[in-house]
Number of protein chains: 2
Amino acid sequence: MKTLADRIAVAAKRAAPDLVLKGARVINVFSHEVIKADVAICGEFIAGVGPDYSGERVLELDGAFVSPGLIDAHIHMESSMLHPRRLACALLRCGTTTIIADPHEIANVAGLKGIDFMLRETTGLPLDVFFMAPSCVPASPLETSGAVIGPAELKYLAQNPRILGLAEVMNYPGIVAGSQELLEKIEIFSEKIIDGHCPGLGGEGLQGYISAGIRSDHECTTTEEVIEKLRSGMVIMIREGSVAKNLQDLAPAVNSERAGRFCLVSDDLHPQDIVGMGHLNHILKKATVLGIDPVVAVKLVTLNPANFYRLHDRGAVAPGYRADLVIFEDLGEFKVRSVIKNGRPVLEELDQIEELDLTCPDELNIMECSPVPPNAFSIPCEGKKRARLIELVDRQIITKAAIEEIKGVQGLFKPDIERDILTIAVVERYKGSGRTGLGLVRGFGLKRGAIGASIAHDSHNIVTVGADAIDMAVAANEIMRMKGGLVVAEGGSVIKRLPLPIGGLMSMEPLGDVSRLLVSLCKEARARLGCTLEDPFMVLSFLALPVIPELRVTDLGMVDVNEFKVVSLFL
Amino acid sequence: MKTLADRIAVAAKRAAPDLVLKGARVINVFSHEVIKADVAICGEFIAGVGPDYSGERVLELDGAFVSPGLIDAHIHMESSMLHPRRLACALLRCGTTTIIADPHEIANVAGLKGIDFMLRETTGLPLDVFFMAPSCVPASPLETSGAVIGPAELKYLAQNPRILGLAEVMNYPGIVAGSQELLEKIEIFSEKIIDGHCPGLGGEGLQGYISAGIRSDHECTTTEEVIEKLRSGMVIMIREGSVAKNLQDLAPAVNSERAGRFCLVSDDLHPQDIVGMGHLNHILKKATVLGIDPVVAVKLVTLNPANFYRLHDRGAVAPGYRADLVIFEDLGEFKVRSVIKNGRPVLEELDQIEELDLTCPDELNIMECSPVPPNAFSIPCEGKKRARLIELVDRQIITKAAIEEIKGVQGLFKPDIERDILTIAVVERYKGSGRTGLGLVRGFGLKRGAIGASIAHDSHNIVTVGADAIDMAVAANEIMRMKGGLVVAEGGSVIKRLPLPIGGLMSMEPLGDVSRLLVSLCKEARARLGCTLEDPFMVLSFLALPVIPELRVTDLGMVDVNEFKVVSLFL
C-alpha cells in the first residue's frame, strides 16, 4: 500500500515509480493538447507527468498515446446480454475503466434483488462500476413488471456510495406536471446527481423539467435541441449505441469552446456490436471521422463524465489522479494497445477474472408462469373486422398506429402473410396470472414460424411475434422452460435458442458465444422464416414498451401511448 | 417556503413566479452567449429562463444584463480591516453573493476562537460565506503566533459543512519534501478541496506538490507558469487584489477554449480599494479591458468557482439554480444596478443588516504584552559595524538582503535619515514574553517620527518602523493601549490612529470611515514624516513574514528566509 508520501517522493524524483510509461504522447484534457512526456505511477495513482521519469518497471511506448481511462456516463449493462462480470471484461478490453450504469432492466424483473446482484457481481473488478438508482420501475402502469422501485427502495439505494444518484427520469411529462410521487423520488437524491431523459422537450416544459434539478439528457436528436438544453444548463450526453445513434446528427454541435458540456455514451450495447466495433473506443473513432477534434472527443469520455458524476479522482492524466489509463496506437482508429487500472496493466488477467466464480443466483431465474396451450395466441375473429395494427417505422423505435381490416377463418384470425399482418403476444411472467395481451403488427415480414424473447422493455414479459400461432406458443413455452431467452420456432419445433437465465435478460456464456448465437438466431429468422429485419429481436424487444409512441402491446393488451390507455384490438 | 412542485409549476407557467426579471439580457455561462429572456424566480431558486414569464412582482430590466451572482474563490476577509459583517455588505453592493474565505489572519491571532467568530458573524447574511481551514498556522517556526492550527483543530473544522476544504498550502517546499506533519493535514481533507499556493514552482517539484491532491493555485505571475500548472490539472486563480496584481500579465492565457480552468480572485482587498474600485465587478471591468471576452470573464467568477468548490446549486442563470443574481447596466463598466440573493433583491436592506448587533467579542481583544520603555527600540552599536539591512523592492513584497556599515553614537545606532536606514522592530504580543526583534530597513524614506501596526503577516505581532526610536515606542504603546490598530507618531505623541480592536486586524467602524482614516494615516506618514511610499502600512505589514525572500524581521530577530533561520543583525 503506497502512501501519499510515497507518491510525492516519486513525483519529485526522490523515489522510483512502480511503473513508468516512457516516451508517451499524453492526451491533456485540460489544455486540449497532446504532449510528449513520461508518466510515473505510484501505487494506484499517477505521481508525475513530465520528462525523464525512470524506474525498474518501464513500458516503452515509442510515441503511443496515453489517454485517461474511458468512462461511459450512461449504459444499461443488461443490453449486452452478458453476465455483468463478462461485460466488465469486454469493456476493459476496449479501454473503458469506469462506467455509470442504470440497472433498470434487471430492476423491472427482480427489483432490489436484481440491483444487488449487479452491485455484487461488479465488485472488486478492474472496471469501476457505479450505478444510478432506477427512477421509473415500472415504466408505466399499463404493463405488469416483476418489481416496483418506490421511495423506500430508493432510500435504501441512496445510502450505497456506489450509487451516485437517480437514473434517467423518463417520465418527463410527470415531472413537468408536478407528479407528487415522482418529486418524492427526486427529493431523495436532491444532494446527488439526477439524470434526465426528455426527447424533444423544449420551451417551458424543458424549464420545468430541469428546474427539478435534472442536469443531463441523452435523448437529443437535433443540434437545435442540443443548444436549447445546453443553454438551460444540461450536460448533453450524445448517444451512439446499438439501438439509437445520434452522433452523426449532433457532432456539429460540439466544439472546443463548449467541450466541457458534452459526454459521449453508449446507452445500449448489443453483444454483436461489442464484438464488431467495441465500446467508447469505437465512438471516439466515429466522432473523429465526424470532425470532432480527437483530444476534445477524449475529454467527452474522460474528464467530463468524471466531473459530472463528481468522481474527482479520475478523468485526466495528471498528478494525483487515479492511474486509470488506456494506451492507444493512434488517434484515428483508437486501437487499444494496453489498459491500466489503478496503476496495473490489466488486459492479461481478464480471461481469468472473467471465469472466476461466475454464478447465476436462483433468485434471478424468474419465470412464474405456466406453459400455454397451442391455441393461446389465436385471435378470435368472426368475419371481417377493423383492427388496430402496430406499424414499424424503419430504423426507429417509435411505431405508427394503423388500422386495417382483417378476416377471421372459422372464427380465428390467421396471420396474413400477403399483407404482412402478424400476430404479436405478450405473456405476463411474474405473477402466474396467465395474463396475455394480443395484438397485430406489420413490418417483420415473417412468412412462417415465430420468434420470441424474454427481453421486452421495460417489464420484460415474454413477447412473441409469428406467422403461425402454434409456433408462437412453442417459442413462448421454450422461453419459459429455459427461464428466459430468445427463440426461433418453426413447424412446431424450436429451431434455435439463446438461453438467458439471469433474469431472462443475460446469458452465462462468453461474449463470443452469445454474439455468434444471437447472429445465427437473426440469420435463421431471416433465412428460414423470411424475416425482412436485420435484428428482429431488437425490434421485438421495444414493442412492449408503452411509453414510446404510438401503439404498443403489453400483457394488458394493446396500448395507445398518446392516449396513455389500453385500447381494444378491434374497433 | 416554496416546494419543488411550486418551482416546476412556475417554470412550466402553471403558476406565477414570485419575481420576474423582465426583458433581461441573460449571461449564459454554459454557451458563452448573451440571450434575451425573462427570468422567473420561485422562492430561493430560478424556476425558468425564457420568453414571456409574467407575474405580480416584475423588475423591468430594459435590456440590462443578468449575471449569476459573483463568487470570489479566494479572499482573506481580514485584509479589508472591516468587521466581517460590514465586509459582507460591502461585497454584496459590488454584486458578490458568495465568497470562499481563508481566515488565516485571525487564525494566527486567535486560533479556533477567531475562526468561530468569522463563522458566527457571517451566518444568516445575504452573502454566503464559506471557509477553507487554514493549513499553515503559524506560517513558520521563525516567529511567534497567537495560536497553532494543528491536526486536531483541522479535524474539528473539517466537520463544519461551511468549511469546504484546506486553505492554500503555502509551505510548498514542505509538501514537495514530504513533511509528515503537512501530509497529516492534507489527509484530513482528502475527500474535500485543497487549495494551493506555490509561486514559481515547476517541473518535478510541481508534480510532487500537485500529486498531494492540491488542485488550485493563485500565485502565477507569468503565462508560462499558468500553462504548466493548467496542464498539470490545476485550476488557475488569477489574482487581482490590493497587494498582488497579476491580471495584466496573465490575461493572455485565458481564452474561451480553456475558460473552464480559470477563476478570478481578489486574495487581499484593502478598504480604500473597495471604496475606490469595488470587488469582482472591478476585476471584470479590468479583464474586459485586457481583452478577455466579458461573458468568459463572468464565467471565471461564477460557474467556475462554483464547480471547483462543488457548490452545485449556484453559478449560472438556469432553472434549478439558486437565484443569486447581479444585474449589470453594461458589460464594460459592470455597473451594478441590483443584486438578488436567494430570490430577493438585497441592496436596500444592507444598511440595516450591517449595523444589527455588531459585536467585538472580548476574547478577540488580544494584547498580552506590557508597554515598552522609550529606549526599547534603540539598537546598541559601538562605533562602525557592518549590519544586515532589509532593502524594499519597488511594488513587490519580496525584499533584498543588503549589508551596510552603520555607526553608533554613544553606544546607540541612530536611524540614518541621509542613507534612509531606519530601525524596524517587532514586539511579541501574545505570550507576554516581551520578546522584541530589531532590524534595519531601507525604502520607507521617513525623515522623522514612526509608524506602527498590529497587522504584520502572518503572526500579527506589533511592528513599527521609525526615524526615531522614541516615536517607535510611542506607536507600539498606543497599539497596545488600543488592543490593536495602526498609528502615526511624531515628537513623542500620537498623531493619528486607526483602532483595530478585533484581533488587532479589524475595525468596528463602517467601510467609509475605515477607508478615510487609513488614507489619512498614509497621508500623515508622507506629508508629516516624509515617507516616500504610497501605503507604508501595507509595506510594513509584510516585513515580518518570514516565508517570503530574502530578509525579514520577527519577534525572534532578523530572519534570512533563503537560509530559513534567524540571523544576527551585525556581521
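Calculation notes
- Residues numbered from 1 in each chain as written.
- Chains lettered and ligands numbered in written order.
- Predicted model: local features only at pLDDT ≥ 70, side-chain atom pairs only at ≥ 80, totals over all residues.
- Heavy atoms only, no water.
- Helix = DSSP H or I, 4+ residues; strand = E, 2+ residues; numbered from the N terminus.
- Rg over C-alpha atoms; globule rule 2.2 N^0.38 Å.
- Buried < 20%, exposed > 50% of the residue type's maximum accessible area, 1.4 Å probe, protein only.
- Contact = heavy atoms within 4.5 Å.
- Areas by Shrake-Rupley, 256 points an atom, 1.4 Å probe, with all protein chains shown as cover.
- Lys, Arg positive; Asp, Glu negative; His and termini not counted.
- Charge placed at Lys NZ, Arg CZ, Asp CG, Glu CD.
- Salt bridge = Lys/Arg side-chain N within 4 Å of Asp/Glu carboxyl O.
- Polar contact = N/O pair within 3.5 Å; in protein donor to acceptor, adjacent residues only side chain to side chain.
- Least-squares fit on C-alpha atoms with pLDDT ≥ 70 in both.
- Core = buried A, V, L, I, M, F, W, Y, C linked by side-chain atoms within 4.5 Å.
- Pairing = 2+ DSSP bridges.
- Axes fitted to C-alpha atoms, helices over the stretch in contact; angles between N-to-C directions.
- Parallel < 35°, antiparallel > 145°, perpendicular 65-115°, else oblique.
- Left-handed = near helix turned anticlockwise from the far one by under 90°.
- Nonpolar A, V, L, I, M, F, W, Y, C, P; charged D, E, K, R; others polar.
- Buried area = accessible area lost by both parts, 1.4 Å probe.
- Arc of directions from axis to C-beta.

Scanning chain A from terminus to terminus reveals 17 helices and 29 strands. Taking 571 residues into account, the globule formula puts the C-alpha radius of gyration at 25 Å, and chain A, at 25 Å, falls close to it. Projected onto the principal axes, the alpha-carbon positions of chain A cover approximately 90 × 50 × 45 Å. Buried residues in chain A amount to 64% of all 571 residues. Sequence-distant contacts in chain A: of pairs separated by 6 or more residues, those separated by 24 or more amount to 70%. As displayed, chain A offers around 19,400 Å² of accessible surface, 50% of which is attributable to carbon and sulfur atoms. If the 59 positive side-chain charges of chain A are averaged to one point and the 74 negative ones to another, these points end up 1 Å apart.

Our next topic: the side chain of D195 of chain A. Residues and elements named next belong to chain A. Relative to the elements of secondary structure, D195 occurs in strand β10 (residues 193-196). No salt bridge is formed by the buried D195. Its closest oppositely charged neighbour is R310, at 9.8 Å. In terms of polar contacts, D195 uses its side chain to reach the side chain of S216, at 2.6 Å. Among the polar contacts listed, one links the side chain of D195 to the side chain of Y309, at a separation of 2.6 Å. Non-local contacts of D195, meaning those with residues more than four positions away in its chain, are made with M132, L166, A167, E168, V169, I214, S216, M237, F308 and Y309.

Looking now at the relation of the copies chain B and chain A. Here chain B sits on chain A after a turn of 180° about the axis and a move of 0.0 Å along it, with an RMSD of 0.0 Å. Interpreted geometrically, this transformation is the action of a two-fold axis. In terms of proximity to the rotation axis, the leading residue of chain B is E257 of chain B, whose C-alpha is 2.1 Å off the axis. The overlap is high: 100% of the interface residues of chain B also sit at the interface in chain A, so the same surface is used on both sides.

This part takes up the nonpolar core. Judged by nonpolar contacts, the single largest core of 334 residues is most densely connected at F444 of chain A together with F444 of chain B. With residues up to four places along the chain from it excluded, the contact list for F444 of chain B reads L392, D420, L422, I451, V465, C531, T532, L533, P536, V539, L540 and L543 of chain B.

The subject of this paragraph is the pattern of salt bridges. Within the structure shown, the criterion is met by 70 salt bridges over all chains. The salt bridge involving R442 of chain A is made with E404 of chain A; its shortest N-O contact spans 2.8 Å. Here the residue R442 of chain A occupies a position in strand β22 (residues 436-442), and E404 of chain A occupies one in strand β19 (residues 399-409), the gap between them amounting to 38 residues. We note a salt bridge from R442 of chain B to E391 of chain B, for which the minimum N-O separation is 3.1 Å. Taken together, the positions of R442 of chain B in strand β22 (residues 436-442) and E391 of chain B in strand β18 (residues 384-392) put the pair 51 residues apart, joining distant regions of the chain. Looking at R442 of chain B, the relative accessible area reads 17%, which means it is buried. What you see here is one network of salt bridges that share partners, running through E44, D128, D313, R314, R322, D324 and K341 of chain A.

This part takes up the pairing of strand β27 (residues 551-554) of chain A. Alternating positions in β27 of chain A separate into two faces, L551 and V553 of chain A on one and R552 and T554 of chain A on the other, with burial throughout. Two successive antiparallel strands, β27 of chain A and strand β28 (residues 557-560) of chain A, enclose a turn made up of two residues.

Residue and element names in this part refer to chain A. Here D102 shows up in the loop between β7 (96-101) and α3 (104-121). Sequence-wise, D102 and M77 are 25 residues apart; in three dimensions their C-alpha atoms are separated by 7.5 Å. Setting aside chain neighbours within four positions, we find D102 in contact with H74, I75, H76, E78, M132, P134, A167 and E168.

This part is about the sheet that holds β19 of chain A. All names here are of chain A. Taken in spatial order, the ten strands of this open sheet run β17-β20-β19-β18-β22-β21-β24-β23-β25-β26, and their pairing is mixed. Edge strands, defined here as strands with exactly one partner in the open sheet, are β17 (379-380) and β26 (493-499). In this fold helix α15 (residues 469-482) packs onto β21 (422-427), β23 (450-453), β24 (462-466), β25 (485-490) and β26, with an angle of close to 150° to the strand it touches most, β25. Here helix α16 (residues 511-527) sits on the sheet and contacts β23, β25 and β26; the angle it forms with β26, its principal contact strand, is near 150°.

Quick look at unusual backbone geometry now. Note the cis peptide between P549 of chain A and E550 of chain A, where omega equals 0°. Along the chain, E550 of chain A falls in the loop between α17 (536-541) and β27. Look at D420 of chain A: it is not a glycine, yet its phi comes out positive at around 55°. Along the chain, D420 of chain A turns up in the loop between β20 (412-413) and β21. At F564 of chain B, a residue that is not glycine, the phi angle is positive and equals roughly 60°. With respect to the helices, strands and loops of the structure, F564 of chain B is situated in the loop between β28 (557-560) and β29 (565-567). In this structure F564 of chain B comes out as partly exposed when scored by relative accessible area, which is 48%.

Here we take up the packing of helix α7 (residues 203-211) of chain A against helix α1 (residues 4-11) of chain B. Put simply, α7 of chain A and α1 of chain B touch, their axes get as near as 7 Å, and they point 160° apart. Comparing their axes, α1 of chain B and α7 of chain A come out roughly antiparallel. You can see that α7 of chain A and α1 of chain B cross each other, and the crossing is right-handed. Between α7 of chain A and α1 of chain B, the residues in contact are E204, Q207, G208 and S211 of chain A and L4, R7, I8 and A11 of chain B, respectively. Each residue belonging to the contact of α7 of chain A with α1 of chain B can be placed in one class, and the counts come to three nonpolar, three polar and two charged.

What follows concerns the interface of chain B and chain A. The partner chain A presents 48 residues to the 47 residues of chain B that form the contact. Buried area between chain B and chain A, both sides added, is near 4,100 Å², and the carbon and sulfur share of it is 54%. Remark: the boundary between chain B and chain A carries four salt bridges. For the pair chain B and chain A, the interface holds 20 residue pairs in polar contact (both at pLDDT 80 or more). Every element with two or more residues in the side of chain B that touches chain A is listed here: α1, β2 (33-42), β3 (45-50), α5 (172-176), α6 (180-188), α7 (203-211) and α8 (223-231) of chain B. Counted by class, the side of chain B that touches chain A contains 21 nonpolar, 14 polar and twelve charged residues.

As a further point, take the sheet that holds strand β9 (residues 163-169) of chain B. Hydrogen bonding along the main chain pairs the strands of a sheet, whether they run parallel or antiparallel. Residue and element names in this part refer to chain B. In spatial order, the strands read β6-β7-β8-β9-β10; together these five strands make up an open sheet with parallel pairing. The two strands at the open ends of the sheet, each matched to only one other strand, are β6 (70-75) and β10 (193-196). Each strand axis lies, on average, 25° off the axis of its neighbour in the sheet, ignoring direction. Note that strand β7 (residues 96-101) and strand β8 (residues 128-133) share four bridges and pair parallel. Each residue of the ladder has a partner; that of I100, found in β8, is F130.

Moving on to helix α6 (residues 180-188) of chain A. Spacing of three or four residues puts side chains on the same side of an α-helix, whose turn is 3.6 residues. Listed as buried for α6 of chain A are L182, L183, K185 and I186 of chain A. Each buried residue of α6 of chain A lies within a common arc of 155° when the element is viewed along its axis, so the set occupies one face. Exposed residues pointing more than 90 degrees away from the buried face of α6 of chain A are listed as Q180 and E181 of chain A. Along its buried surface, α6 of chain A packs onto α4 (151-158), β9 (163-169), α5 (172-176) and β10 of chain A together with α1 of chain B.

As a further point, take the environment of R215 of chain B. Mapping R215 of chain B onto the fold places it in the loop between α7 and β11 (216-217). Judged by its relative accessible area of 18%, R215 of chain B is buried. Along the sequence, R215 of chain B and V235 of chain B sit 20 residues apart, while their C-alpha atoms lie 6.2 Å from each other. Beyond its immediate stretch of four places on either side in the chain, R215 of chain B contacts H312, D313, G320 and Y321 of chain A together with I194, G233, M234, V235 and F308 of chain B. At 2.9 Å, the side chain of R215 of chain B and the backbone oxygen of H312 of chain A are in polar contact.

Now for the pairing of β26 of chain A. All names here are of chain A. The pairing of β25 with β26 spans six bridges and is classified as antiparallel. Paired with E490 across the bridge in β26 is S493. Adjacent in sequence and paired antiparallel, β25 and β26 are bridged by two residues, among which G491 carries a positive phi angle near 60°.

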